[in-house]
Amino acid sequence: MTKFFYNLLVLVSYVTAQHYLWVAIVLITVLLRLAFVKSSISMAKTQLKQKQLQGEMDEIKKRHKGDAQKQQQALLELYKRENFNPLASCLPMVVQLILFIALYRVFYGMGGSAVKPEMLYSFVPNPGQLNTMFFGIDLAKTVSELIKLGGSMTIAGYALPIITGLTQLYQSLQARAAQPKPAAGDTMQKALNNQMIILFPIMTVYISFALPAALSIYWITQTIFMIIQQGYINKKYFANPMKL
């Protein structure tokens with residue numbers, strides 16, 4: 001998987017003007033997200049269906065409180081009757097995680113702008129060097145390395161993780177409309193949901209400091225795509241559940 005994405009980055013960089021790595025990252029990220037638009041919409045429909053069934057699910061849990069077996073059986077019967085699969089929303093998230101890990105290995109193993117010929121497939125042209133600069137920022141360096149350079153690089157080093165975190169925070173708040181509301185009186189679940197909306201972007205900012213700057217470009221691009229996609233989904237499905 002790592003070798004595949006390395007070759008993909010080199011190939012796309014090769015056909016772009018001046019072999020810019022950041023252009024390749026943006027193009028590949030958008031194309032991959034487009035490939036999973038159908039799965040993402042299916043996930044949104046699953047979330048909407050779960051919201052519609054939440055009242056019945058809460059009633060089942062209340063009715064069979066203290067009997068986990070009967071509760072599980074009643075929930076399975078409800079899922080079967082309504083043709084609902086609660087696991088259907090997992091695939092896009094699993095794919096996203098696999099993609100992130102693969103790109104992390106690619107960027108972390110680059111070691112600079114020089115292309116590694118031993119990593120290339122025979123049909124992939126070798127440009128010799130990839131242009132790892134992004135408006136003066138060397139994407140091959142980690143964010144922490146950029147900060148240590150001082151001056152404008154320090155500002156850029158701090159800006160990339162913060163922008164990454166802010167876009168994810170916005171997307172999390174936007175996606176909250178799709179999440180089933182906790183049962184009435186379940187203040188602990190409600191508090192946990194609210195904390196996760198804030199906690200995940202903060203963790204992203206923290207993790208980004210130790211990662212190659214190129215991953216921030218991937219993260220930001222992906223999140224902006226997801227914001228646009230979620231806006232479309234919210235307008236088409238959650239604003240009018242009858243379209244499900």
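Residues numbered from 1 in each chain as written. Predicted model: local features only at pLDDT ≥ 70, side-chain atom pairs only at ≥ 80, totals over all residues. Heavy atoms only, no water.

*Asks:* Describe unusual backbone geometry, listing the residues and the values that go with them.
*Replies:* Phi angles above zero are rare outside glycine, and Gln 18 is one such case at about 60°. As for its placement among the helices and strands, Gln 18 is situated in the loop between α1 (2-15) and α2 (21-35). In this structure, His 19 takes a positive phi of about 55° despite not being glycine. For His 19, the position within the fold is in the loop between α1 and α2. Taking relative accessible area as the criterion, His 19 reaches 23% and is therefore assigned partly exposed. (Helix = DSSP H or I, 4+ residues; strand = E, 2+ residues; numbered from the N terminus. Buried < 20%, exposed > 50% of the residue type's maximum accessible area, 1.4 Å probe, protein only.)

*Asks:* So what about the layout of surface pockets? Which residues, and what values?
*Replies:* Space inside the second largest pocket adds up to approximately 160 Å³. Contributing to the lining of the second largest pocket are Trp 22, Val 26, Phe 134, Ile 137, Ala 156, Ala 159, Leu 160, Ile 163, Ile 217, Ile 220 and Thr 221. Looking at the lining of the second largest pocket, the elements that each hand over two or more residues are α2, α7 (152-175) and α9 (213-238). Residues that form the lining of the second largest pocket fall into these classes: 10 nonpolar, one polar and no charged. (1 Å grid on protein atoms, 1.4 Å probe; cavity = no way out; pocket = protein on both sides within 12 Å on 5 of 7 lines; lining within 4 Å. Points joined across faces, edges and corners; volume = space filled by probe spheres on them. Nonpolar A, V, L, I, M, F, W, Y, C, P; charged D, E, K, R; others polar.)

*Asks:* Any details on the side chain of Gln 174? Residues and values, ideally.
*Replies:* If you trace the backbone, Gln 174 turns up in helix α7. Residue class for Gln 174 comes out buried when judged on its relative accessible area of 16%. Polar contacts involving the side chain of Gln 174 include one to the main-chain carbonyl oxygen of Ile 227, which spans 3.0 Å. Residue contacts for Gln 174: discarding those within four places in its chain leaves Met 226, Ile 227, Gln 230, Gly 231 and Asn 234. (Polar contact = N/O pair within 3.5 Å; in protein donor to acceptor, adjacent residues only side chain to side chain. Contact = heavy atoms within 4.5 Å.)

*Asks:* So, the nonpolar core: which residues are in play, and what are the values?
*Replies:* Leu 9, Ile 25, Leu 103, Phe 107 and Ile 137 are the most contacted members of the largest nonpolar core, which has 37 residues in total. Elements with a contribution of two residues or more to this core: α1, α2, α5 (90-110), α6 (143-148), α7 and α9. The next biggest cluster of nonpolar side chains, apart from the first, holds eight residues, and it includes Leu 53, Met 57, Leu 78 and Tyr 79. (Core = buried A, V, L, I, M, F, W, Y, C linked by side-chain atoms within 4.5 Å.)

*Asks:* Just give me the short version of the packing of helix α3 (residues 37-63) against helix α4 (residues 68-81), but keep the residues and values in it.
*Replies:* Where α3 meets α4, the axes come as close as 9 Å, and the angle between the chain directions of the two elements is 155°. Relative to α4, α3 is oriented roughly antiparallel. The interaxial crossing formed by α3 with α4 has right-handed handedness. Facing Leu 53, Glu 56, Met 57, Ile 60 and Lys 61 of α3, the residues of α4 in contact are Gln 71, Ala 74, Leu 75, Leu 78, Tyr 79 and Arg 81. Across the contact of α3 with α4, the residue classes tally to seven nonpolar, one polar and three charged. (Axes fitted to C-alpha atoms, helices over the stretch in contact; angles between N-to-C directions. Parallel < 35°, antiparallel > 145°, perpendicular 65-115°, else oblique. Left-handed = near helix turned anticlockwise from the far one by under 90°.)

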